[in-house]
Amino acid sequence: MMGYGSGDMSRPSFFEVAAADRLTQSLRPALQHILGTIAQHAPGLASLAQRSDELFYTMCCLLDRHYLQTHGASFAENFYCLKRVKILPNGREAALGPRDQTLAVLCLAGVPYLRSRLEAYYLETKQHMLDMQALGVEEEQTWMTSFRREYLRLYPYLAFAYEGMEYLHMLRYVMGTTNHFSPLTALVNQRVVRFSLADLMKKRVKSLNQGGSHASDLMSSSSQSIMEEKHAPGQSSLESAWEGLGRRNARSVARAPLMALIRRILGMCGRIGGFMADNAKWAVYVGVFLIRFLQWWYSPDNAQRQVRPKAAPPPPPKARRHPKGVRVPSAAENAHYAIEHE
């Protein structure tokens, strides 16, 4: 049932794929809470809280696209050491191509965003209809009104049918009758498998060789451009090469500083974006810890937060002299006494 009985060690268990499938959606309430808190303290940024779904799924789209290009898996799948492969017509597995990566991004971010918008439109339309009935106002019979009524009538059945297909695929995956955890992966002929040791070694070798590839590409392009430079008849190849190099340098002197600056800025932005995307999993760890800590701190069971420092007690009243007691001499009397006994 878990993928071990059939001998296919690359087949992940139900709990692995279910956790990867739920990870991204579990981050959505956290982002909504953060944007809501920002909107309370900065009313000018309230539009971000209203567009939380668009912002969240845009981030998911960019993050999953980066991880699919670099790791062959989405962010959540890479978090659990899983990857995506394409199922060929002959039944073999192959790495994802650019078209397969685009289809995977649509399945991972596009379809969930569409479902969230359809659900939000259903709730808004239903609330609008209830408000109109409570006020006793009848809407005009237009095509939009008819569309809303049909949408309210058909959407629950469509949502039930889609969720039923998802649960059916989950049940079949648990029983071991299919390798597709969801109907979307079956639709695009993709499968989620575990990372193998060979995949980890290839990734390490690729990261080590990536630095030297840029220098080799630059040298090959420079040598090719010099060899392809045409020279005038009657001149030697060395003279024509020097003349072509001079003309090429003269043309590029004016635009070299600007182009170099643009390339440097773009390269720096790309490196920063790649670094942030590659280390997003650690941000998940820290974010989960902070959210759990804040939930505990603001919970009513937190005894540390309920303890309030008490105010300092007032000073005691000034003691009064007893009627039969000895009078305390004043400062002038003490000074006169000291002068007399010198």
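Here's a quick rundown of the structure. (Residues numbered from 1 in each chain as written. Predicted model: local features only at pLDDT ≥ 70, side-chain atom pairs only at ≥ 80, totals over all residues. Heavy atoms only, no water.)

### Brief notes about the overall build of the protein
Across its full length, the protein holds 13 helices and three strands. Looking at the protein residue by residue over its 342 residues, the buried ones come to 25%. Taking the intrachain contacts of the protein between residues at least 6 apart in sequence as the baseline, contacts between residues at least 24 apart amount to 62%. Of the roughly 25,400 Å² that the protein leaves accessible, carbon and sulfur atoms contribute 65%. (Helix = DSSP H or I, 4+ residues; strand = E, 2+ residues; numbered from the N terminus. Buried < 20%, exposed > 50% of the residue type's maximum accessible area, 1.4 Å probe, protein only. Contact = heavy atoms within 4.5 Å. Areas by Shrake-Rupley, 256 points an atom, 1.4 Å probe, with all protein chains shown as cover.)

### With respect to the pattern of salt bridges
Here the structure, examined in full by the defined rule, presents eleven salt bridges. Between Asp-53 and Arg-28 there is a salt bridge, with its nearest N and O atoms 2.9 Å apart. Here Asp-53, found in helix H4 (residues 52-71), pairs with Arg-28, found in helix H2 (residues 28-41); they are 25 residues apart in sequence, far enough to count as distant. Classification of Asp-53 as buried rests on a relative accessible area of 9%. Note that Arg-84 is salt-bridged to Glu-77, the shortest N-O span being 2.8 Å. Here the salt bridges share partners, and the residues they tie into one network are Arg-28, Asp-53 and Arg-117. (Salt bridge = Lys/Arg side-chain N within 4 Å of Asp/Glu carboxyl O.)

### Structural notes on a nonpolar patch on the surface
A surface patch of nonpolar side chains, about 480 Å² in accessible area, is lined by Ile-34, Ile-38, Leu-45, Leu-48, Leu-55 and Met-59. Elements with a contribution of two residues or more to the nonpolar patch: H2 and H4. Looking at the secondary structure, you find Ile-38 in helix H2. (Patch = residues over 30% accessible without salt bridge, like charges linked within 9 Å, V, L, I, M, F, W, Y side chains within 5 Å.)

### Quick look at the sheet that holds strand S1 (residues 82-87)
Reading across the sheet, the three strands line up as S2-S1-S3 and stay open at both edges, with antiparallel pairing between neighbours. A single partner strand is all that each edge strand has here, and the edge strands are strand S2 (93-94) and strand S3 (190-194). Taken together, the five bridges between S1 and S3 define a ladder with antiparallel strand orientation. Bridging from a neighbouring strand, Lys-86 pairs with Gln-190 of S3. (Pairing = 2+ DSSP bridges.)

### Concerning the packing of H4 against helix H6 (residues 98-135)
The N-to-C vectors of H4 and H6 enclose an angle of 160°; their axes lie 10 Å apart at closest approach. One way to sum up the angle between H4 and H6 is to call them roughly antiparallel. Where H4 crosses over H6, the two elements pack in a sense that is right-handed. Across the interface between the two elements, Asp-53, Glu-54, Tyr-57, Cys-60, Cys-61, Asp-64, Arg-65, Leu-68 and Gln-69 of H4 pack against Pro-98, Gln-101, Thr-102, Ala-104, Val-105, Leu-108, Ala-109, Pro-112, Tyr-113, Ser-116 and Arg-117 of H6. (Axes fitted to C-alpha atoms, helices over the stretch in contact; angles between N-to-C directions. Parallel < 35°, antiparallel > 145°, perpendicular 65-115°, else oblique. Left-handed = near helix turned anticlockwise from the far one by under 90°.)

### As for the packing of helix H1 (residues 14-26) against helix H7 (residues 143-175)
Contact geometry for H1 and H7: axes closest at 10 Å, N-to-C directions at 150°. One element, H1, and the other, H7, form an angle in the roughly antiparallel class. Residue-level inspection shows Phe-14, Val-17 and Arg-22 of H1 in contact with H7, the latter providing Met-170, Tyr-173 and Val-174. Here the contact of H1 with H7 is composed, by residue class, of five nonpolar, no polar and one charged. (Nonpolar A, V, L, I, M, F, W, Y, C, P; charged D, E, K, R; others polar.)

### Describing the side chain of Arg-194
Tracing the chain through its elements places Arg-194 in strand S3. Separated by 2.9 Å, the side chains of Arg-194 and Glu-16 make a polar contact. (Polar contact = N/O pair within 3.5 Å; in protein donor to acceptor, adjacent residues only side chain to side chain.)

### Thoughts on the pairing of S1
Here S1 pairs with S2 via two bridges, running antiparallel. Looking across to S2, one finds that Lys-86 is bridged to Ala-94. Taking the residues between adjacent antiparallel strands as the criterion, S1 and S2 are bridged by five residues, where Gly-91 takes a positive phi near 90°.

### Topic: the nonpolar core
With 13 residues, the main nonpolar core has Val-17, Leu-23, Leu-82 and Phe-181 as its most contacted residues. Elements with a minimum of two residues in this core: H1, helix H5 (75-79) and H7. Top contributing element to this core by residue count: H1, with four residues. Leu-31, Leu-35, Cys-60 and Ala-109 belong to the second largest nonpolar core, which has six residues in total. (Core = buried A, V, L, I, M, F, W, Y, C linked by side-chain atoms within 4.5 Å.)

### Focus on unusual backbone geometry
Look at Cys-81: it is not a glycine, yet its phi comes out positive at around 60°. The class of Cys-81 is partly exposed, set by a relative accessible area of 48%. Of note in this structure, Asn-189 is not a glycine but carries a positive phi near 60°. Here Asn-189 is to be found in the loop between helix H8 (183-187) and S3. Accessibility expressed as a relative area gives 43% for Asn-189, which makes it partly exposed.

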